[in-house]
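Listed below are the residues making up each chain.
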Amino acid sequence: QWAAAEALDAADDGSGWECYGGTGLRDDTFLLGWAPGQLPEIYPDGTGLAMEPGDFFVIQVHYHYDVRVDPDASWLELDIEPADTELEPISIATYLTPAEIPCGPGETGPLCDRDAVAAAARAEFGVLPADFINMLCGVTPEDFAGMVDGVASSSCDLPVQTTGEIVSVLGHMHDLGASYRMTLHPDTDDELVLLDIDDWDYDWQYNYRPADSIIVEAGDVVRFECTWERSRRNANLEPAYVLWSFGSNDEMCFSTITTRPL
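Residues numbered from 1 in each chain as written. Predicted model: local features only at pLDDT ≥ 70, side-chain atom pairs only at ≥ 80, totals over all residues. Heavy atoms only, no water.

**With respect to the pattern of salt bridges**
Under the convention used in this document: For this analysis, a salt bridge means a side-chain nitrogen from Lys or Arg found within 4 Å of a carboxyl oxygen belonging to Asp or Glu. A run of H or I in DSSP counts as a helix once it spans at least four residues, and a run of E counts as a strand once it spans at least two, with each numbered from the N terminus. The classification of residues rests on relative accessible area computed with a 1.4 Å probe and restricted to protein chains. Under 20% of the type maximum is buried, over 50% is exposed, and intermediate values are partly exposed.
Taken as a whole and judged by the stated rule, the model has 10 salt bridges. Between Arg260 and Glu88 there is a salt bridge whose closest N-O contact spans 2.9 Å. Highlighted residues: Arg260 in strand E12 (residues 254–260) and Glu88 in strand E2 (residues 88–89), separated in sequence by 172 residues. Asp199 is the partner of Arg232 in a salt bridge, and the nearest nitrogen-oxygen pair spans 3.0 Å. Of this pair, Arg232 sits in the loop between strand E10 (221–229) and strand E11 (242–243) while Asp199 sits in the loop between strand E8 (192–197) and strand E9 (215–216), and the two are 33 residues apart along the sequence. Owing to a relative accessible area of 29%, Arg232 belongs among the partly exposed residues under this scheme. Residues joined by salt bridges that share partners form a network here, namely Glu100, Arg114, Arg122 and Asp131.

Shown next as structure tokens:
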């Protein structure tokens, strides 16, 4: 992996290399992300992320320049324990839910065509996560075609990836986000809302810790729901169909569930 990282670095001018979403390396592992409003992530006593000799971090930063380009001031701070310390390993599982937001009332223009926006996203980022996520959740763009009143929503039931006790949960969207909900065992007698944000704020994105102990088992069903309002979009932007993609003016419905072993 280190040789592959060096090759990517050498092939791209400047420091590091350009990438979106993933690192461009095979078999990489997502550990932690940062979004506006997040506080430092401190795991419960006796737990931690396992590191092996030769492991290394790839830090991906999404820059958004409004006026000028300032020197990069990104930094990462870690608390390290000796290798012989007995710690329970933390597991971080990611879950993706579709984002398909057609143009609203009175909005017209060439970018209101989904195919045009999809082609532009592929040209800029090299991939279009929206199509893969739709397939994963068993939906198509046609399922969202009628959401033209300025409000769009999406829902996806996904199996829990790792058995354990929940340490924290996170929901992530962009500026159009209006509400977010994560529900364990939906539509059953054991239904439990893990996270419910009824007025989304892009600048207030926390890793939320349960007040009580919650156990999940691999295969349990979790429902992820996101709602967007086009009225929250910057009025200076050209009207456009909004897709799940990596740009600040694109959208996401991205979630994580962090667990510790039972």
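**Digging into a nonpolar patch on the surface**
The criterion, for reference: Each patch is built from residues that are more than 30% exposed by relative accessible area and take part in no salt bridge. Like charges join if they lie within 9 Å; nonpolar side chains (Val, Leu, Ile, Met, Phe, Trp, Tyr) join within 5 Å. Each accessible area is a Shrake-Rupley result for a 1.4 Å probe, and residues are judged covered by the shown protein chains and nothing else.
On the surface, Leu31, Leu32, Leu49, Met51, Phe57, Ile59, Val61, Tyr63, Leu76, Leu78 and Ile80 cluster together to form a nonpolar patch covering roughly 990 Å² of accessible area. Mapped onto the elements of the fold, Val61 is located in the loop between strand E1 (47–48) and E2. Val61 sits in the partly exposed class, given a relative accessible area of 34%.

**Thoughts on the sheet that holds E8**
Which entries qualify depends on this criterion: Two strands qualify as a pair provided that DSSP identifies no fewer than 2 bridges between them. All axes here are fitted lines through C-alpha atoms, helices being fitted over the stretch that makes contact, and every angle between N-to-C directions spans 0 to 180 degrees.
A sheet is described by the order of its strands in space; here four strands give the open sequence E5-E10-E7-E8, paired in antiparallel fashion. Edge positions in the sheet fall to strand E5 (151–159) and E8, since each of these pairs with one other strand and no more. The sheet shows a mean angle of 10 degrees between the axes of neighbouring strands, taken without regard to direction.

**What about the pairing of E5?**
Of the two faces of E5, only one is covered, namely that formed by Ala152, Ser154, Cys156 and Leu158; the face formed by Val151, Ser153, Ser155, Asp157 and Pro159 stays uncovered. The pairing of E5 with E10 spans nine bridges and is classified as antiparallel. Its bridge partner lying in E10, Ser155 is registered against Glu225.

**Describing the packing of aromatic side chains**
Quick reminder of the rule: Two aromatic rings from Phe, Tyr or Trp, using only the six-membered ring of Trp, form a pair when their centres are within 6.5 Å; if the ring planes differ by under 30 degrees the pair is stacked, by over 60 it is edge-to-face, and anything between is tilted.
Applying the stated criterion to the full structure yields six aromatic pairs. Through pairs of rings, three or more aromatic residues link up here, namely Phe125, Trp244 and Phe246.

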